[in-house]
Amino acid sequence: MSENTSLDGFVLSEDDEFMNPNQRAYFRAKLIAWKNDILREARETLGHLAEESANHPDLADRASSETDRAIELRARDRQRKLISKIDAALARIDDGTYGYCEETGEPIGLRRLDARPIATLSIEAQERHERREKVYRDE
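The residue numbering used here restarts from 1 in each chain and proceeds along that chain's sequence as written. Restriction of local features to residues with pLDDT of at least 70 applies here, the model being predicted, together with a cutoff of 80 or more for giving and counting side-chain atom pairs; totals for whole chains, interfaces and linings are based on all residues. Note: side-chain values were computed over all heavy atoms of the structure, leaving out hydrogens and water.

Novice: Go over the nonpolar core, please, and point to the residues and values.
Specialist: In this text, buried Ala, Val, Leu, Ile, Met, Phe, Trp, Tyr and Cys residues form a nonpolar core when linked through side-chain atoms within 4.5 Å. Between buried and exposed lies partly exposed: a residue is buried under 20% and exposed over 50% of the maximum accessible area for its type, with that area taken using a 1.4 Å probe on protein chains only. Residues Met19, Phe27, Leu31, Ile86, Tyr98 and Leu113 are the most contacted members of the largest nonpolar core, which totals 21 residues. To qualify as a helix, a DSSP run of H or I must reach at least 4 residues; to qualify as a strand, a run of E must reach at least 2; elements of each kind are numbered from the N terminus. Listing elements by their share of this core, those giving two or more residues are α1 (21-51), α2 (59-95) and α3 (110-115). Of all the elements, α2 adds the most residues to this core, at six residues. For the domain bounds, the source is a domain assignment made automatically or taken from a database. Split by domain, the residues of this core number at least three in each of domain 1 (18-98) and domain 2 (99-138). Ignoring sequence-local partners within four residues, the contact set of Met19 consists of Arg24, Phe27, Tyr98, Tyr100, Leu110 and Leu113. In what follows, a contact means two residues having at least one pair of non-hydrogen atoms within 4.5 Å.

Novice: A description of unusual backbone geometry should follow, citing residues and the corresponding values.
Specialist: Positioned with a positive phi, Met19 is a non-glycine residue whose angle comes to about 55°. Along the chain, Met19 falls in the segment before α1.

Novice: Outline the UniProt feature "zinc finger region: dksA C4-type" (unreviewed entry) in the chain, supporting the account with residue identities and numerical values.
Specialist: Per the UniProt entry, the sites bearing "zinc finger region: dksA C4-type" (unreviewed entry) are residues 101-125 in this numbering. The span residues 101-125 carries 36% helix and 0% strand; its end-to-end C-alpha distance comes to 8 Å. UniProt positions are given in the numbering used here, feature names are shortened, and annotations may be inferred rather than shown by experiment.

Novice: Give me the lowdown on the pattern of salt bridges, citing residues and values where you can.
Specialist: By definition, a salt bridge exists where a carboxyl oxygen of Asp or Glu is found within 4 Å of a side-chain nitrogen of Lys or Arg. For the coordinates displayed, the defined rule picks out ten salt bridges. A salt bridge links Arg28 to Asp94, with the shortest nitrogen-to-oxygen separation between them at 2.4 Å. Of the two residues, Arg28 is situated in helix α1 and Asp94 in helix α2; the sequence distance between them amounts to 66 residues. Arg28 sits in the buried class, given a relative accessible area of 17%. Taking the relative accessible area as the measure of exposure, Asp94 reaches 58% and is therefore exposed.

Novice: Could you give me a rundown of a negative patch on the surface, with the residues and numbers involved?
Specialist: Together, Glu14, Asp15, Asp16 and Glu17 make up a negatively charged patch on the protein surface. Along the chain, Asp16 turns up in the segment before α1. Residues enter patches when their relative accessible area tops 30% and they take part in no salt bridge; the joining distance is 9 Å for like charges and 5 Å for the nonpolar side chains Val, Leu, Ile, Met, Phe, Trp and Tyr. The Shrake-Rupley method, run with a 1.4 Å probe sphere, supplies the accessible areas, and residue values consider only the shown protein chains as cover. His residues and chain termini do not enter the charge count, which takes Lys and Arg as positive and Asp and Glu as negative. Where a charge lies is defined by one atom per residue type: Lys uses NZ, Arg uses CZ, Asp uses CG and Glu uses CD.

Written out as structure tokens, the structure is:
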């Protein structure tokens with residue numbers, strides 16, 4: 001599988017050796033495709049915002065436009081942070097740590113990675129993390 005490999009037709013199997021070369025290539029292709037989609041959407045947003053910068057004579061139209069712009073920029077900021085997580089996941093593929101829980105060192109699991117390819121914690125470790133976060137937030 002190369003970096004340009006199609007994700008179509010590849011089946012993840014729990015029976016295969018965890019993070020074998022095909023699985024790493026699959027996740028690399030999935031992450032790169034996701035990143036490319038985000039970058040394409042960001043370019044489209046910039047084009048849309050440039051078109052939308054026309055002055056609105058009506059105050060309500062201007063306020064609505066500014067609100068839409070702020071929401072769009074917040075979404076782009078979240079996606080910028082997501083790109084850094086995707087880049088970190090790609091780096092983990094390169095250094096051989098991708099797919100293993102940062103907390104326990106255990107395999108995260110193919111189904112979780114397929115659903116959330118930037119995951120760094122196993123489901124159990126993530127649940128513990130969220131419970132601790134909730135306890136601190138409730139205090």
